[in-house]
Amino acid sequence: MTGSIATSQTILVVGGGISGMTAALEAAECGKQVILAEKEPTLGGRTALLYRYFPKLCHPTCGLEINLRRIKANRNVRVLTMAQVVKIAGSRGDYTATLRIAPRFVNENCTACGECAQAVSTEIPNPFNYGLGKMKAAYLPHSMAYPQRYVLDPSIVGGADGQKAKAACKYGAVDLDMKEETVDLKVGAVVWATGWKPYDASKIQPYGYDRFPNVITSVEFERLADPHGPTGGKLLRPSDGKEAKNVAFIQCAGSRDENHLRHCSRICCMASLKQTNYVREAYGDAGKSTIYYIDIRAIDRFEDFYQKVLKDPTVKFTKSKVARIAEDAKTGNLILHGVDTEGYHRYANDHDLVVLAVGMEPSVKGADVPAEVIADSSGFIEGSPDGGIFSAGCASAALDVNRAAQSATAAAMRAIQVINRTASVEAA
Ligand SMILES: Cc1cc2nc3c(=O)[nH]c(=O)nc-3n(C[C@H](O)[C@H](O)[C@H](O)COP(=O)(O)OP(=O)(O)OC[C@H]3O[C@@H](n4cnc5c(N)ncnc54)[C@H](O)[C@@H]3O)c2cc1C
């Protein structure tokens, strides 16, 4: 189906993470019409997949819930999920954005009762747990998902499981005939808020992420700690399900490195400092965390958090870039090799689990945006030369949630200025 459903008075926000939701709400609460397009089946982005937020260690569900409530209450925001922008043509004040909307195979009759998931037997890797563990091929992405509507994986549509899901639904919500749609939108300004993705840890060969099951990434560790995650919140290591009580955190895994990411992601030090709390929370004084670091970058008010962790006797800091990791084949433990730069002695330290604090990359690099945009050497986006497309949040730089929200508010403001200028030109 092809249609045209907006005017140039509308702002398109691409990406429904905390930045996209913030930009959409700020513009909508100023009375502007907003379309919020998210490629996944739910809003929330990567913050919804964190266990706790630094610096206060509160649960992300709290902030997410407030934003979702604001979105539900605001008729100016129209949310499109499973929607990707494939083309933006035109110029500031008068763009045509082409969106491809993937079929969910479940319509708005869905009550999220979960009968379809019980009926199907096919399992697929769970992307919301970064592939740790599996989920049914009829699924709700996570407990806070918005819309609260199930999704059928395309792999079961056309097969016996698709029919079972349809038969199990009392509300006629499973629609196996849904097709991909292409929609053209007339919009005046665009906020590009497609966020970040973790650097591919398998590229850091000396650390053996693709060889050793007990070497995981910081985003995977967030899921292990989460009660809604693959282990029900227990810090169990992947190889044998043993409790991980002696955890190594390796900082700058692939960051500040000419061979990988040149930039510092600014978040990773704080993320590891926060994650030592997960170990303490799980085991009290019996847990042990060691942070291997080049230098700790805890900016502004985060310094207090760092100072607190420094005083925790269960946390050890080793100033060193770990050279390589080997696996003890009998125990599954990891042996970290390197040189401690305070004292210059070699070490070969044994740990149950290694967490790589991987850097953040733009999830869509400047060159892959389907419009002309200016980007830096890492692919983080500034905006379009014509001044009608603005980046927000981690699409523009590696940022924490607070700074991402500030950047999104600024982008919304600029988008509103474009719309207002267009409106006054039309009125004259
Ligand atoms: C290990 C780790 C722990 C962290 N812990 C904290 C913490 O405790 N506190 C804190 O403040 N920050 C933390 N952060 C940082 C935090 O995750 C980011 O600040 C936050 O995710 C930024 O939100 P965003 O909306 O800019 O990007 P994202 O969360 O990445 O959201 C982007 C959205 O855009 C969507 N999208 C992508 N491409 C497209 C497309 N082509 N079309 C449509 N939609 C698209 C994505 O699906 C996603 O929903 C942590 C980061 C890491 C790596």
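Residues numbered from 1 in each chain as written. Predicted model: local features only at pLDDT ≥ 70, side-chain atom pairs only at ≥ 80, totals over all residues. Heavy atoms only, no water.

1. A look at the sheet that holds strand β14 (residues 215-217)
This is how it is decided: A pair of strands is treated as paired once DSSP finds two or more bridges between them. Here a strand is any run of E in DSSP of at least two residues, a helix any run of H or I of at least four, and the numbering for each starts at the N terminus. Note on geometry: axes are C-alpha line fits, over the in-contact stretch for helices, and angles between N-to-C directions span 0 to 180 degrees. By the convention used here, residues are in contact when the closest approach between their heavy atoms is within 4.5 Å.
Spatial strand order, β14-β21-β15-β16-β17: five strands in an open sheet with parallel pairing. The open sheet has two edge strands with one neighbour each: β14 and β17 (315-319). Within the sheet, the average angular offset between the axes of one strand and its neighbour, ignoring direction, is 25 degrees. Pairing geometry for strand β15 (residues 246-253) and strand β16 (residues 288-293), over five bridges, is parallel. Residue pairing for β16: Ala248 is matched across the bridge by Thr290. Relative to the sheet, helix α5 (residues 218-225) contacts β14, β15 and β21 (353-358), its axis offset from that of β14 by approximately 90 degrees.

2. Considerations on helix α2 (residues 60-73)
To keep things clear, this is the line we draw: By this rule the span expected of a helix is its residue count minus one, scaled by 1.5 Å.
Its 14 residues place the ends of α2 20 Å apart at the C-alpha level, agreeing with the 20 Å of an ideal helix rising 1.5 Å per residue. Elements in contact with the buried residues of α2: α1 (18-28), β3 (33-37) and β4 (77-80).

3. What to know about the packing of α5 against helix α6 (residues 268-283)
A pair of packed helices is characterised by two quantities: the angle between their axes and the separation of those axes. Quick reminder of the rule: Crossing handedness: left-handed means the near helix sits turned counterclockwise from the far one by under a right angle, and right-handed means the same turn made clockwise. Residues are grouped as follows: Ala, Val, Leu, Ile, Met, Phe, Trp, Tyr, Cys and Pro are nonpolar; Asp, Glu, Lys and Arg are charged; all remaining types, including Gly, are polar.
Two numbers describe how α5 lies on α6: the axes approach to 11 Å, and their chain directions differ by 35 degrees. In terms of crossing hand, the pair formed by α5 and α6 is left-handed. Touching Ser218, Phe221, Glu222 and Ala225 of α5 are Lys274, Gln275, Tyr278 and Val279, all from α6. Residues of the contact of α5 with α6, tallied by class, amount to four nonpolar, two polar and two charged.

4. Considering unusual backbone geometry
Heads up, the condition is: We call a residue buried when its accessible area falls under 20% of the maximum for its residue type, exposed when it is over 50%, and partly exposed in between, using a 1.4 Å probe and counting protein chains only.
Of note, the amide linkage connecting Phe54 to Pro55 takes the cis form, showing an omega dihedral of 0 degrees. Positionally, Pro55 belongs in the loop between β3 and α2. Looking along the chain, the bond that leaves Tyr146 and enters Pro147 is cis, with omega of 0 degrees. Position of Pro147 relative to the elements: it lies in the loop between β9 (138-139) and β10 (151-152). Even without a glycine there, the phi angle at Phe105 is positive, about 65 degrees. Relative to the assigned elements, Phe105 resides in the loop between β6 (94-101) and α3 (115-119). Taking the relative accessible area as the measure of exposure, Phe105 reaches 6% and is therefore buried. One non-glycine residue, Cys252, lies in positive phi territory at about 50 degrees. Secondary-structure assignment places Cys252 in strand β15. Classification of Cys252 by relative accessible area gives buried; the value is 7%.

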